[in-house]
Amino acid sequence: MNILFLTPLFPLLGALVLAFNPRLPDRIAGLVGVGSIGLAALVMVWLNVTFYGGANEGVTQTLWQWVAVEDFRMGFSLYLDGLSLTMVSIITGVGFLIHLFAAWYMREDLEGGPGFARFFAYMNLFVFSMLLLVLGDNLFLLYLGWEGVGLCSYLLIGYYYENENNAWCAFKAFIVTRIGDVFLAIGMFLLFAQFGTLNIQELLRLAPEAWGRGDLMAELAALMLLGGAVGKSAQLPLQTWLADAMAGPTPVSALIHAATMVTAGVYLIARTHVIFELAPMTLGLVGLIGMLTLLVAGFAALAQTDIKRVLAYSTMSQIGYMFLALGVQAWDVAIFHLMTHAFFKALLFLTSGSVIIACHHEQNIFKMGGLRKTLKLPYACFLIGGAALSALPLISAGFYSKDEILWLAFDHGHTWLWLGALFGAFLTSVYTFRMIFIVFHGREQIHPHAGQGLAHHVPLIVLAVLSTFVGAMIHPPLENVLPAGPEGQFGHSVQLMLEILAAVVAIVGVGIAAGLFLGRRRLVRSLVQTKEGDRLWRFFNSAFAFDWLYHRVVVRPFLFIGRLHRLDWVNSLMNLWPGLALMLNGLLSDTQSGRLRWYAAVMTGGAIATLLLLLLL
Amino acid sequence: MMLPWLLLIPFIGGLLCWQFELIRPNTAMPRWIALLSMVLLLVMALFLWVSGDYSLSQVVGNTPDWQSQFQLPWIDAFGITFHLALDGLSLIMITLTGLLGIMAVVCSWKEIDRRVGFFHLNLMWVIGGVVGVFLAIDLFLFFFFWEMMLVPMYFLIALWGHESEGKSPVSAAIKFFIYTQASGLLMLVSILGLVFMHYTQTGVFSFDYGILRETPITGVMSWVLMLGFFIAFAVKLPVVPLHGWLPDAHAQAPTAGSVDLAGILLKTAAYGLLRFALPLFPETSQAFAPIAMTLGLVGIFYGGVLAFAQTDIKRLIACSSISHMGFVLIGIYSGTLLALQGVILQMVAHAFSAAGLFMISGQLYERLHTRDMRQMGGLFGRLGALPGFALAFVMASLGMPGTGNFIGEFLILFGAFDVVPWVVVIASAGLVLSAIYSLILMHRVYWGPPREKTTIARLDGREYAMLLSTLVLTIALGLYPQVVLDISQGAMHEVRHWFAVSPSFAG
């Protein structure tokens, strides 16, 4: 296990080499950028081998003492157990495939322009930070990774910085997630004040000793952690940044805004699950937030025209499922869905990247159409990924993870959550196949040129295989880390019935999508053309108008305050002193007018006044 | 006996710079002399760093725990002596002074081309004055150096400054001078008051820190005296609403002036609070703590909003300093060891990050001849490595983990949370604000469509080395802050002890 530190080290070295040599030729920069993640992935394989061969127990590797003041002792320490191993495997494994694809994508995208090395420097730095996030053995180090991934996300969303709008999208993403981070920070202050440590394993050991179930402190601590998780994972009410984050290059969306970073919140809650178990109210809130988000995002995805925004909302909604799973204490299933989601959503994003490049940077699905004949591989990949996303039964990876969530929600007695999730599943298959039918079927409107080369094909094919039931056969080693959750109430027959029901719902969704969007789409068009239909479309399109609301309630007042302070009015108050001095100066200097008549008059007046005073007193 | 040399090197170096120019105008000699004296200062400080033992003193006695001392009689009639002493706190500040002194000399290498010798005379004397402030523990001597560092700073701003928004540098210099002079007067009154209190109790005149620290003062008098010290330091830190001089002085000072202002002059205030205000008036400071922390909160938010609203890049950075110093104020008055250690780190880290940002804006000014951000935009691809450095320092300024600023801010917040949880919760919201004004800088200057396609002169070796070394220091502090924390531990332990002896202490 002593080579654990190499996993984050390789990406870091890659990032440094690329950052300090921005003018490396593309070929070498690509080699460094992809190679460093490849090496990290090899280390990951080795870790897996030794982990399964070993005792399956957590191992700590302390690199150095980071901060030590009195009780505040933070080691720069990495901790590997089943959960972090799962995350590391996803990050380096899927991350490597995405990097490989990105080498193809960025070459096509930049067409020889500058910025290739910069892209991979950011990407490698991201992988480094993400690895620290999941490997940190204390919350302080986790926070380092947590902020680091936020920084890289910011840089990569704003990668095409010459477009003003992209820069604002990046800005928005950073600020909104930063609001969540503040909650996480306060949670850390609270936990440290209570327990005198931030070591996660110690916290999990100490918390049940100090707190009873439902203690106010436990609820508060869990609530603060949830605040952090909600920001990073784009859940209600801090979800608004994710759709705009699509301004970045598509491999970035695949890696950061689908497979890894946005699931950090799920990881955080799973990691600190003991605290959430002590806070039933907050735990209920986790499930509720998950359900609301998956519904809001599902409706929003129905009404998008940009292929990447459809996928972005579907990501939000799938993370909603993970939150729902956490909320019903199906901890391991949440992580399982995190894993299958990483496979199929990375696949969908990479494929959409391939489609976008093939269509000359067109992202509007209504301008594509009929691509199934020319783009065979992307079509197949989209079908597989879409099947997994809609959890089509038996063949897809998503079926095994998502149905488990639905079943456990029902089994643990959360009927309302289950109902919402079931409706969400219906929405999912409708919007997914709406997208597929519009993009790949119907009349051809654009002449695409299909992507070529190993860097293009290999990641797609590997991810496509992992998105089928093959991927679902991988079982993350979570038994020693996450508890099984409460006892269920129902038996196998009920489970089978529910699974069939969910499968039927998904297939019906596909059918409805086919009815609406295959062919001439007359019904949809006439619906949207009515006044109410148009209004509804715009409401869904804006994802329930949260942006509008926040703009009114937060952004505008802030800008107003900023304008108000442009002139620094507190300082202006201090400027009254020089004003006073000037005024007195003016009064006195006016008396020095240089006119004899005035002087004589004042002198006489003064003399009379003095005499009068003398006489009277 | 190294202490007087720490003081003499910059003063003598400054005189030599000046004389050389008088003998042979138009040489680079003054620059080299200044650089040499700064390097010498740094080396001596580092020697003290390595050779001394600054670990935690187990027993905090009644006499301060100095590493080395130097004392000469001066004005016997009033018990004034030339008394210098050094502990971990002063050593850190002096090392910082040496480092930033080097930066200041190097970054003016091309910027300053008029009266080079006289410029370096002033620069060296500012630094000499600051070193004096950090070493003097006779209150009269402290006041002497406190006032002494202002005069050369005045000249730096007035003679080598820039115009800004239609105001001449002279007006900014005068503003700076009046603010600090007036507050210095308050401090003098307080010092004299303290000495007379001591005289009435014991019949002996003394200005010595160690002796005055033992003087028990209560009632209204203690409030008046404490406030005199506090206001003097509050102007320098600065604390809202006494911050008015800072944006002007920064915006109009030459780069070296800004680097030294933000890097070390502001820190003399925090040093003063830690060294004098708290230990001399522990009970009153204790009672005053809620007000001080409220002022700190106001500073964090007001400074942040102010920074966001600026259009001049140097004013933005200057206002962000106000916000950062709000954290320092909260840390100092929360009085836990963790928070105090955080204060030290925050000061050092802020010195580096602010210096880095000021150097970058100086380099931008040399290339674009403007500091108005409305005329920038889209510079990311046109300046070589400079924007990368700017990004790194901006991230440091918003407290990105991995930089010293993060450790400083978070140690303060962690430390203060035990004592004043609500203040910490509110202050944490300032983290969002710091992200907003920091990123706005990136946004206005570097992102967006480029105005022209041409590339502007890239960084030369001198500029690159300067920025890189500052960045390395910032990150080193973030990854291994113990280097500094170990040195300051003893001194902070003592401050905590003095602050905590009062019975009203809550923690």
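Cut-offs applied
- Residues numbered from 1 in each chain as written.
- Chains lettered and ligands numbered in written order.
- Predicted model: local features only at pLDDT ≥ 70, side-chain atom pairs only at ≥ 80, totals over all residues.
- Heavy atoms only, no water.
- UniProt positions renumbered as here; feature names shortened; annotations may be inferred.
- Helix = DSSP H or I, 4+ residues; strand = E, 2+ residues; numbered from the N terminus.
- Buried < 20%, exposed > 50% of the residue type's maximum accessible area, 1.4 Å probe, protein only.
- Areas by Shrake-Rupley, 256 points an atom, 1.4 Å probe, with all protein chains shown as cover.
- Lys, Arg positive; Asp, Glu negative; His and termini not counted.
- Charge placed at Lys NZ, Arg CZ, Asp CG, Glu CD.
- Contact = heavy atoms within 4.5 Å.
- Buried area = accessible area lost by both parts, 1.4 Å probe.
- Salt bridge = Lys/Arg side-chain N within 4 Å of Asp/Glu carboxyl O.
- Pairing = 2+ DSSP bridges.
- Axes fitted to C-alpha atoms, helices over the stretch in contact; angles between N-to-C directions.
- Parallel < 35°, antiparallel > 145°, perpendicular 65-115°, else oblique.
- Patch = residues over 30% accessible without salt bridge, like charges linked within 9 Å, V, L, I, M, F, W, Y side chains within 5 Å.
- Polar contact = N/O pair within 3.5 Å; in protein donor to acceptor, adjacent residues only side chain to side chain.
- Core = buried A, V, L, I, M, F, W, Y, C linked by side-chain atoms within 4.5 Å.
- Domains from an automatic or database assignment.
- Nonpolar A, V, L, I, M, F, W, Y, C, P; charged D, E, K, R; others polar.

Per an unreviewed UniProt entry, chain B is named NADH-quinone oxidoreductase subunit M, and its organism is Kushneria indalinina DSM 14324. Looking at chain B in UniProt, the text filed under Sequence similarities (unreviewed entry) is "Belongs to the complex I subunit 4 family."

Looking at an unreviewed UniProt entry, chain A carries the name NADH dehydrogenase subunit L, with the source organism given as Kushneria indalinina DSM 14324.

Helix and strand counts for chain A come out as 27 helices and two strands. With respect to the three principal axes, the spread of C-alpha positions in chain A is 120 × 60 × 55 Å. Considering chain A as a whole, with its 617 residues, one finds that 58% of them fall into the buried category. Roughly 24,600 Å² of accessible area belongs to chain A as shown, and the carbon and sulfur atoms make up 69% of that amount. Distance from the positive charge centre (34 side chains) to the negative charge centre (34 side chains) of chain A: 16 Å.

A word on the side chain of threonine 240 of chain A. Along the chain, the position of threonine 240 of chain A falls in the loop between α8 (216–232) and α9 (241–244). The class for threonine 240 of chain A is buried, based on a relative accessible area of 10%.

Per the UniProt entry, the sites bearing "domain: NADH:quinone oxidoreductase/Mrp antiporter transmembrane" (unreviewed entry) are residues 136–431 of chain B in this numbering. Across residues 136–431 of chain B, helical content stands at 78% and strand content at 0%; the span's end C-alpha atoms are separated by 36 Å.

Let us now look at the interface of chain B and chain A. Facing the 64 residues of chain B at the interface are 52 residues of chain A. Taken together, both faces of the contact between chain B and chain A bury some 5,000 Å²; the carbon and sulfur share is 73%. On inspection of chain B and its partner chain A, the count reaches one salt bridge. The salt bridge partner of arginine 496 of chain B is glutamate 70 of chain A, with a shortest N-O separation of 3.4 Å.

Further remarks concern the UniProt feature "domain: NADH:quinone oxidoreductase/Mrp antiporter transmembrane" (unreviewed entry) in chain A. In this structure's numbering, the residues bearing the UniProt feature "domain: NADH:quinone oxidoreductase/Mrp antiporter transmembrane" (unreviewed entry) are residues 137–428 of chain A. With 76% helix and 0% strand, residues 137–428 of chain A has its two end C-alpha atoms placed 37 Å apart.

Here we come to the pairing of strand β1 (residues 68–75) of chain B. Residue and element names in this part refer to chain B. The pairing of β1 with strand β2 (residues 80–86) spans seven bridges and is classified as antiparallel. Bridging from a neighbouring strand, isoleucine 75 pairs with isoleucine 80 of β2. Here β1 folds back onto β2, and the loop between the two strands holds four residues, one of which, glycine 79, carries a positive phi near 70 degrees.

The subject of this paragraph is the packing of helix α2 (residues 26–53) of chain A against helix α4 (residues 116–135) of chain A. Residue and element names in this part refer to chain A. Their axes nearest at 9 Å, the elements α2 and α4 cross at an angle of 10 degrees. In terms of their interaxial angle, α2 and α4 are classed as roughly parallel. Of α4, the residues touching α2 (which contributes Asp26, Ala29, Gly30, Val32, Gly33, Val34, Ser36 and Ile37) are Phe116, Ala117, Phe120, Asn124 and Val127.

A surface patch of nonpolar side chains, amounting to about 740 Å² of accessible area, comprises Leu394, Ile395, Tyr400, Ile461, Val465, Phe469, Val470 and Met473 of chain A. Elements supplying a minimum of two residues to the nonpolar patch: α19 (454–467) and α20 (469–472) of chain A.

We now examine the environment of histidine 360 of chain A. All names here are of chain A. As for its position among the elements, histidine 360 is in the loop between α15 (331–358) and α16 (376–389). Note: C-alpha distance between histidine 360 and leucine 242 (118 residues apart in sequence) is 24 Å. The contacts of histidine 360, once residues within four sequence positions are left out, are His447 and His449. Within the structure, histidine 360 has its side chain in polar contact with the backbone oxygen of histidine 447 (distance 3.0 Å).

Below, the discussion takes up the nonpolar core. Within the largest apolar cluster, 428 residues are counted, with the highest numbers of intra-cluster contacts made by Phe140 of chain A together with Tyr333 and Tyr446 of chain B. The dominant element in this core, judged by the number of residues it contributes, is α15 of chain A, at 19 residues. The residues that make up this core include at least three from each of domain 1 (1–49 + 67–280) and domain 2 (282–499) of chain B. Not counting residues up to four positions away in its chain, the partners in contact with tyrosine 446 of chain B are Tyr161 of chain A together with Ile360, Leu364, Gly378, Leu379, Phe380, Leu383, Leu386, Pro387, Ala390 and Leu441 of chain B.

The next thing to look at is the pairing of strand β1 (residues 59–69) of chain A. Residues and elements named next belong to chain A. Taken together, the nine bridges between β1 and strand β2 (residues 72–80) define a ladder with antiparallel strand orientation. Within β2, the position partnered with valine 67 by the bridge is methionine 74. Here β1 folds back onto β2, and the loop between the two strands holds two residues, one of which, glutamate 70, carries a positive phi near 50 degrees.

Glancing now at the domain arrangement of chain B. All names here are of chain B. When the domains of chain B are assigned, the result is domain 1 (1–49 + 67–280) and domain 2 (282–499). Here domain 1 and domain 2 have C-alpha centroids that lie 22 Å from each other. Counting from both sides, the interface comprises 53 residues of domain 1 and, opposite them, 56 residues of domain 2. Carbon and sulfur atoms supply 75% of the area buried between domain 1 and domain 2, which totals about 4,700 Å² over both sides. The largest per-residue losses of area from domain 1 upon contact with domain 2 belong to Val240, Leu274 and Leu278, which jointly make up 14% of the total buried on that side. Linking domain 1 with domain 2 are three salt bridges. The salt bridge partner of arginine 213 is glutamate 494, with a shortest N-O separation of 3.3 Å. Across the contact surface, domain 1 and domain 2 share eleven residue pairs in polar contact (both at pLDDT 80 or more). Those elements giving two or more residues to the side of domain 1 that touches domain 2 turn out to be α3 (88–107), α9 (219–236), α10 (245–252) and α11 (255–280). Among the residues forming the side of domain 1 that touches domain 2, the class breakdown is 35 nonpolar, nine polar and nine charged.

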